[in-house]
Amino acid sequence: MTKATWDLPRTLGALRNSAFSEDRIGSRPVKDELRHNLIRKLRCPTPLFPGIVGYEDSVVPQVVNAILSRHNFILLGLRGQAKTRLIRMLTTLLDDEMPYLEGCEIHDNPYHPICRRCRNLVQEEGDDAPIAYLASEQRYVEKLATPDVTIADMIGDIDPIKAARRGQDISDELTVHYGLLPRANRGIFAINELPDLAGKIQVGLFNIMQEGDVQIKGYPIRLPLDLMLVFTANPEDYTARGKIITPLKDRIGSEIRTHYPVTLDQGMAITEQEAWLQRPNSGSTSSDDFIDVRVPIYIKEIVEQLVFLAREDKRVVRRSGVSQRLPISVLENVVSNAERRALKSKERLAVPRVLDIYSALPSITGKMELEYEGELKGCDAVARELIRLAVGKVYDKYFEGSNVSQIVQWFDLGGSLKLDESQDSAVMVLALGSIQGLMEKVKSLKLSANEPDAVRASAAEFVLEGLYAHRRISRNEEREFGAGERKREGPREEGPPQRPNVRRQYN
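Criteria and cut-off values
Residues numbered from 1 in each chain as written. Predicted model: local features only at pLDDT ≥ 70, side-chain atom pairs only at ≥ 80, totals over all residues. Heavy atoms only, no water. Helix = DSSP H or I, 4+ residues; strand = E, 2+ residues; numbered from the N terminus. Buried < 20%, exposed > 50% of the residue type's maximum accessible area, 1.4 Å probe, protein only. Contact = heavy atoms within 4.5 Å. Areas by Shrake-Rupley, 256 points an atom, 1.4 Å probe, with all protein chains shown as cover. Core = buried A, V, L, I, M, F, W, Y, C linked by side-chain atoms within 4.5 Å. Arc of directions from axis to C-beta. Pairing = 2+ DSSP bridges. Axes fitted to C-alpha atoms, helices over the stretch in contact; angles between N-to-C directions. Expected span 1.5 Å × (residues − 1). Phe/Tyr/Trp six-rings, centres within 6.5 Å; stacked < 30°, edge-to-face > 60°. Lys NZ or Arg CZ within 6 Å of the ring centre and 35° of its normal.

Trainee: Explanation requested: the overall build of the chain in the structure shown.
Mentor: Broken down by element type, the chain carries 25 helices and 14 strands. Looking at the chain as a whole, 50% of its 507 residues are labelled buried. Across the chain, the fraction of contacts at a sequence separation of at least 24, relative to all contacts at a separation of at least 6, is 75%. Total accessible area on the chain is roughly 26600 Å²; 47% of this is exposed by carbon and sulfur atoms.

Trainee: Mind showing me how you'd approach the environment of I364 here?
Mentor: Its place among the elements puts I364 in helix 19 (residues 362-365). For I364, a relative accessible area of 1% translates into the label buried. Considering only alpha carbons, one finds I364 and L306, 58 residues apart in sequence, at a separation of 9.7 Å. Every residue in contact with I364, bar those within four places of it in the chain, is listed here: L306, L326, V330, A383 and I387.

Trainee: Explain the nonpolar core here, please?
Mentor: Soluble, globular proteins show a tendency: their nonpolar side chains are buried together. I364, M368, I407, L432, F462 and L464 are the most contacted members of the largest nonpolar core, which totals 67 residues. Breaking this core down by element, the ones donating at least two residues are helix 16 (297-312), helix 17 (325-345), helix 18 (354-358), helix 21 (379-399), helix 22 (405-412), helix 23 (425-433), helix 24 (438-441) and helix 25 (453-469). Here the element with the most residues in this core is helix 21; it accounts for ten residues.

Trainee: Help me understand helix 15 (residues 264-274), please; the structure alone is not making it clear to me.
Mentor: Each α-helix winds once per 3.6 residues, and so residues spaced three or four apart point in a common direction. For helix 15, every residue scored as buried is listed here: G267, M268, I270 and T271. Here the buried residues of helix 15 occupy an arc of 165 degrees about the axis, which is enough to place them on one side. As for helix 15, its buried residues are in contact with helix 16 and helix 17.

Trainee: Mind showing me how you'd approach the sheet that holds strand 12 (residues 417-418) here?
Mentor: Backbone-to-backbone hydrogen bonds join strands into a sheet, with any given pair of strands oriented parallel or antiparallel. Sheet architecture is open: three strands sit in the order 12-14-13, paired in antiparallel fashion. Lying at the two open borders of the sheet, with one neighbouring strand each, are strand 12 and strand 13 (473-475). By the bridge criterion, three bridges tie strand 13 to strand 14 (residues 480-483) in an arrangement that is antiparallel. Opposite R475, over in strand 14, you have F481 as the bridge partner. Here helix 25 sits on the sheet in contact with strand 12, strand 13 and strand 14, set at roughly 100 degrees to strand 13.

Trainee: I'm lost on helix 25 in this one. Help?
Mentor: Between the first and last C-alpha of helix 25 there are 24 Å, a value that for 17 residues agrees with the 24 Å anticipated at 1.5 Å per step. In terms of residue burial, helix 25 counts as a mostly covered element, since 15 of its 17 residues are buried. Backbone geometry just after helix 25 places R471 at a positive phi near 65 degrees.

Trainee: Which parts of the structure should I look at to understand the packing of aromatic side chains?
Mentor: For any pair of aromatic rings, the description consists of the separation of the ring centres together with the inter-plane angle of the planes. Enumeration according to the criterion identifies seven aromatic pairs in this entry. Look at Y298 and F462: their rings are 4.6 Å apart centre to centre, the planes differ by 10 degrees, and that puts the pair in the stacked class. Of this pair, Y298 sits in helix 16 while F462 sits in helix 25, placing them 164 residues apart in sequence. For the pair Y298 and F462, a shared accessibility class is recorded, and that class is buried. Centroid distance F399 to F462: 6.1 Å. Interplanar angle 55 degrees. Geometry classified as tilted. Taken together, the residues F399 in helix 21 and F462 in helix 25 connect sequence positions 63 residues apart. You can call F399 buried: its relative accessible area is 2%. Connected via pairs of aromatic rings, a cluster forms that spans Y298, Y395, Y398, F399 and F462. Here the basic side chain of R471 rests over the ring of Y468, its NZ or CZ set 5.9 Å away from the ring centre.

Trainee: Before we go on, may I ask you to explain unusual backbone geometry in this structure?
Mentor: Glycine aside, the phi torsion of most residues is negative, and most peptide linkages are trans. Within the chain, R186 stands out as a residue other than glycine whose phi angle is a positive 65 degrees. Tracing the sequence through the fold places R186 in the loop between helix 10 (180-183) and strand 7 (187-192). Taking relative accessible area as the criterion, R186 reaches 8% and is therefore assigned buried. Phi is positive for E193, which is not a glycine, with a value near 55 degrees. Position of E193 relative to the elements: it lies in the loop between strand 7 and helix 11 (199-203). With a relative accessible area of 23%, E193 lands in the partly exposed category.

As structure tokens, then:
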């Protein structure tokens with residue numbers, strides 16, 4: 001019992017004279033409760049689902065319409081589109097506390113109990129029947145659909161051990177062991193990856209969705225459950241792993257399509273919200289062990305642009321999608337590589353560089369499913385090319401139209417520079433400063449002259465990587481920058497001069 005529920009009515013008699021009177025909750029289904037609380041929230045300026053970015057004008061209005069219509073609904077979308085996160089936030093639309101008859105496995109309504117045990121309890125004790133409470137989070141039950149799920153898991157089964165202990169007949173209603181659906185009574189029941197559920201189990205959901213009741217093991221036990229049912233599925237799973245059978249689809253009130261972030265800013269907001277970027281000092285009390293992490297905006301843009309390019313690339317399977325978890329994992333890996341470099345160099349500031357994105361390949365290759373053409377080229381090669389294209393696009397945002405001829409000329413005259421991944425910032429700034437005109441260009445990134453060496457080194461390297469992305473300069477596998485490859489024109493073939501095509505006339 002929490003402090004919030006300490007002063008609440010503890011018996012059925014006291015409950016009748018409280019805010020949880022029979023007029024208020026006696027015959028109110030959970031869908032009406034969700035609808036009522038949603039209407040109250042819509043009148044407030046606060047967001048309905050905080051933390052859900054990019055769905056304000058597309059998915060959220062459709063979810064609102066489904067709840068206002070008292071529909072069971074399904075979210076259809078590719079992986080990494082916040083489907084599960086969205087349905088878990090439906091608990092914010094439930095009442096803070098819900099009374100039920102204490103000890104009931106299916107959280108029976110005190111005024112209208114449906115299970116035999118609670119009906120007997122109210123009949124025997126009357127207004128002295130004990131009352132307990134559920135918080136809104138406890139009224140959400142989620143099941144990941146797998147092919148091995150059985151009807152007994154979902155609906156329930158007869159428990160012979162319970163019958164033997166109580167000395168009851170096996171057909172007695174009190175010997176029932178309830179499944180997940182009855183235990184979610186008066187709450188929200190969610191099934192993730194619905195197509196993975198066997199067809200005969202999907203058939204078992206028919207009665208609860210249309211008639212609102214279930215039957216267990218063929219015995220005439222009717223449980224008119226009160227539920228809000230929500231589902232998630234990948235639209236491609238209809239044919240890949242399984243399918244949602246047509247009668248079940250017909251009983252789902254609303255089918256809502258989710259999507260990936262539409263703009264780069266939305267994607268960056270999601271990634272920054274979810275990625276673990278604020279690194280603690282690992283519990284150490286020494287200030288020498290603390291490393292400050294500063295992620296430049298262009299690094300975040302490159303990571304997000306990488307995902308947008310992957311979703312459009314013909315070598316990546318589009319029907320599988322590229323999850324929003326990819327930029328989250330990549331950015332975390334990028335920060336970790338910068339953190340590792342700072343620890344080795346004994347620096348207090350860790351600033352990721354473009355080379356750290358290449359070091360994050362393990363967090364890219366496992367999240368992209370490739371077509372035949374991509375498989376031939378190799379996942380690493382495809383990922384490297386996508387990084388190069390992403391760097392080029394972000395470079396154009398800051399330096400398009402900028403005169404970089406001095407930098408290119410420095411390399412054309414024979415200059416070269418090899419960058420070491422573990423090189424400390426001060427040494428790297430000295431090396432980069434030797435390139436004519438390079439450090440002046442970082443001013444386009446709105447950096448002052450007093451910036452730390454780690455920030456300046458990252459910015460200057462970004463400029464070089466941008467020039468490499470546009471083939472203005474070259475870079476080999478050892479990360480040595482050099483002159484760009486120029487197309488050589490073949491020698492002209494010398495021959496006798498061609499005579500003009502003059503037709504000779506004969507008399």
